[in-house]
Amino acid sequence: MKIRVLGAAAGGGFPQWNCNAPLSRAVRENRPGFLARTQSSIAASADGRNWAVFNASPDIRQQIAATPELQPSADAPLRSTPIKVVVLTNADVDHIAGLLSLREREPFTLYATRRVLDTLASNSIFQVLNPDYVERRELALEGITDLHGPDGSIGLTIETFSVPGKVALFLEDPDKKDFGTSGGDTIGLAIRQNAQAGQPHKTLFYVPGCAAIEDAFKRRISGGGCLMFDGTVFENDEMARTGVGSKTGARMGHLAMSGPEGSLAGLADVDLKRRVFIHINNTNPVLDPQSGEASAVRAAGWEIAHDGMELEL
């Protein structure tokens with residue numbers, strides 16, 4: 001199974017268009033080691049020809065342009081794509097806005113939970129995805145799904161499971177303490193090639209958004225081949241520390257890397273072949289490869305995702 005990181009940044013990308021903080025300035029100035037990153041998305045394939053994209057980033061056109069595997073081959077029809085499936089893990093803008101760029105009457109299958117599908121259905125702009133071409137299929141909150149494109153199975157299965165998260169920002173209800181969140185707002189995925197079913201070390205766990213680490217989650221991922229996990233912030237209050245905002249990671253539905261309740265400590269005892277942070281906010285100091293925070297992450301056995309990163313399981 002081939003996996004390609006299309007975008008490794010959180011919403012807004014890196015640098016964010018209106019951010020003038022030191023990290024964003026560093027990447028604009030092309031300082032050594034600083035890598036620009038587009039908004040969170042990955043792609044996977046069992047055969048190198050048919051691909052599933054996980055989360056449709058607002059940057060998807062740029063990501064496809066940077067990824068030859070996702071472009072029409074030289075001998076393909078005049079209108080065609082290797083992208084057969086799109087899977088959404090939540091309804092955040094940085095995960096659904098890219099659907100609007102996939103509107104040119106090209107067949108593919110869209111998978112999401114009922115909660116996310118209802119969000120798309122309630123906004124008429126997403127009707128540009130002509131239902132005669134784009135089939136929408138519901139994902140159960142717990143279950144295994146064989147991914148099918150317009151021409152049948154693409155050789156990948158996903159296992160879906162709920163993780164603690166938050167309702168999308170544009171769906172928040174300020175009159176509710178939990179902002180109106182409910183089951184199906186955020187899911188994690190176990191992605192496998194069909195032929196590798198029953199082989200945990202060949203499994204990619206993709207969890208770009210998670211608000212807490214639960215024991216059931218640790219048991220689920222133990223023995224996995226790779227975990228791609230929410231790396232939005234290093235410190236829960238880093239947006240305030242850097243002076244660019246007041247929201248904490250927890251308020252945004254994301255677990256910090258550091259601290260006794262953070263992901264570095266919470267996942268330290270889990271058996272994994274490989275572990276990668278993805279969905280990294282432009283305030284996160286790990287984006288500076290020379291920072292102490294980046295060194296601490298690497299010392300704990302984690303990698304920091306970047307656009308174009310390739311994995312094979």
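Here the structure is a predicted model, which is why all the values come from computation and not from measurement.

### A few points about the nonpolar core
Then, number 1: One finds Leu-227, Phe-229 and Val-297 to be the most contacted residues of the largest nonpolar core, which totals 31 residues.
Then, number 2: Elements with a minimum of two residues in this core: helix H1 (22-28), strand E10 (204-207), helix H5 (215-221), strand E11 (226-230), helix H8 (292-299) and strand E13 (302-304).
Then, number 3: Sorting elements by how many residues they give to this core places H1 first, with three residues.
Then, number 4: Not counting residues up to four positions away in its chain, the partners in contact with Leu-227 are Phe-205, Val-207, Phe-217, Ile-221, Leu-267, Leu-272, Arg-274, Arg-275, Val-276 and Trp-302.
Then, number 5: Membership of the second largest hydrophobic core comes to 29 residues, among which are Val-5, Phe-54, Tyr-206 and Ile-278.

### Quick notes on the sheet that holds E11
Then, number 1: Pairing is mixed in the open sheet, where seven strands are placed in the order E7-E8-E9-E10-E11-E12-E13. Two strands bound the open sheet, and with one partner strand each, they are strand E7 (143-149) and E13. Taken over all neighbouring pairs, the strand axes of this sheet differ in orientation by 25° on average, direction set aside.
Then, number 2: One ladder, built from three bridges, connects strand E12 (residues 275-278) with E13; its direction is parallel. When the bridges of E13 are listed, Phe-277 appears paired with Ile-304.

### Quick notes on the sheet that holds strand E3 (residues 51-54)
Strand pairing in a sheet relies on backbone hydrogen bonds, with the paired strands running either antiparallel or parallel.
Then, number 1: Strand order across the open sheet formed by seven strands is E6-E5-E4-E3-E2-E1-E14, with mixed pairing between neighbours. Each edge of the open sheet carries a strand with a single partner, namely strand E6 (134-139) and strand E14 (310-312). When the angles between neighbouring strand axes are averaged without regard to direction, this sheet yields 20°.
Then, number 2: As paired elements, strand E4 (residues 83-87) and strand E5 (residues 108-113) share three bridges and run parallel to each other. The partner of Val-87 across the bridge, within E5, is Tyr-111.
Then, number 3: In this fold helix H4 (residues 114-122) packs onto E5 and E6, with an angle of close to 115° to the strand it touches most, E5.

### Observations regarding the packing of aromatic side chains
Then, number 1: All chains considered together, the criterion is met by five aromatic pairs.
Then, number 2: Relative to Phe-229, the ring of Phe-217 lies with its centre 5.9 Å away and its plane at 35°, an arrangement referred to as tilted. Of this pair, Phe-217 sits in helix H5 while Phe-229 is found in strand E11, placing the two residues 12 residues apart along the sequence.
Then, number 3: By relative accessible area, which is 0% here, Phe-229 ends up buried.
Then, number 4: Geometrically, the ring pair formed by Phe-277 and Trp-302 is stacked, given 3.9 Å between the ring centres and 10° between the ring planes. In this pair, Phe-277 sits in strand E12 while Trp-302 sits in strand E13, placing the two residues 25 residues apart along the sequence.

### What to know about H4
Then, number 1: Turning to H4, its buried residues are Val-116, Leu-117, Thr-119 and Leu-120. The buried residues of H4 occupy one face: seen down the axis, they fall within an arc of 155°.
Then, number 2: Elements that come into contact with the buried residues of H4 comprise helix H3 (93-96), E5 and E6.

### Notes on the pattern of salt bridges
Here the idea is simple: oppositely charged side chains can pair when their charged atoms come close.
Then, number 1: Counted according to the given criterion, the structure contains 14 salt bridges.
Then, number 2: Of the charged contacts in the structure, one is a salt bridge between Glu-312 and Lys-2, with a shortest N-O distance of 3.5 Å. You can see Glu-312 sitting in strand E14 and its partner Lys-2 sitting in strand E1 (residues 2-7), a full 310 residues away along the chain.
Then, number 3: Residue Lys-2 is classed as partly exposed on the basis of its relative accessible area of 37%.
Then, number 4: Bridged by salt links that share partners, the residues Glu-142, Glu-159, Arg-192 and Arg-220 form one connected network.

### Considerations on the side chain of His-95
Then, number 1: Within the secondary structure, His-95 sits in helix H3.
Then, number 2: Those residues within four positions of His-95 in sequence are excluded, and the remaining contacts are Ser-40, Asn-55, Ala-56, Leu-88, Thr-89, Asn-90, Pro-208 and His-279.

### Details of unusual backbone geometry
Then, number 1: With omega at 5°, the peptide bond leading from Phe-14 into Pro-15 counts as cis.
Then, number 2: Within the secondary structure, Pro-15 is located in the loop between E1 and H1.
Then, number 3: A positive phi angle, near 60°, is found at His-279, a position not held by glycine.
Then, number 4: In this structure His-279 comes out as buried when scored by relative accessible area, which is 3%.

About the thresholds
- Residues numbered from 1 in each chain as written.
- Predicted model: local features only at pLDDT ≥ 70, side-chain atom pairs only at ≥ 80, totals over all residues.
- Heavy atoms only, no water.
- Core = buried A, V, L, I, M, F, W, Y, C linked by side-chain atoms within 4.5 Å.
- Buried < 20%, exposed > 50% of the residue type's maximum accessible area, 1.4 Å probe, protein only.
- Helix = DSSP H or I, 4+ residues; strand = E, 2+ residues; numbered from the N terminus.
- Contact = heavy atoms within 4.5 Å.
- Pairing = 2+ DSSP bridges.
- Axes fitted to C-alpha atoms, helices over the stretch in contact; angles between N-to-C directions.
- Phe/Tyr/Trp six-rings, centres within 6.5 Å; stacked < 30°, edge-to-face > 60°.
- Arc of directions from axis to C-beta.
- Salt bridge = Lys/Arg side-chain N within 4 Å of Asp/Glu carboxyl O.

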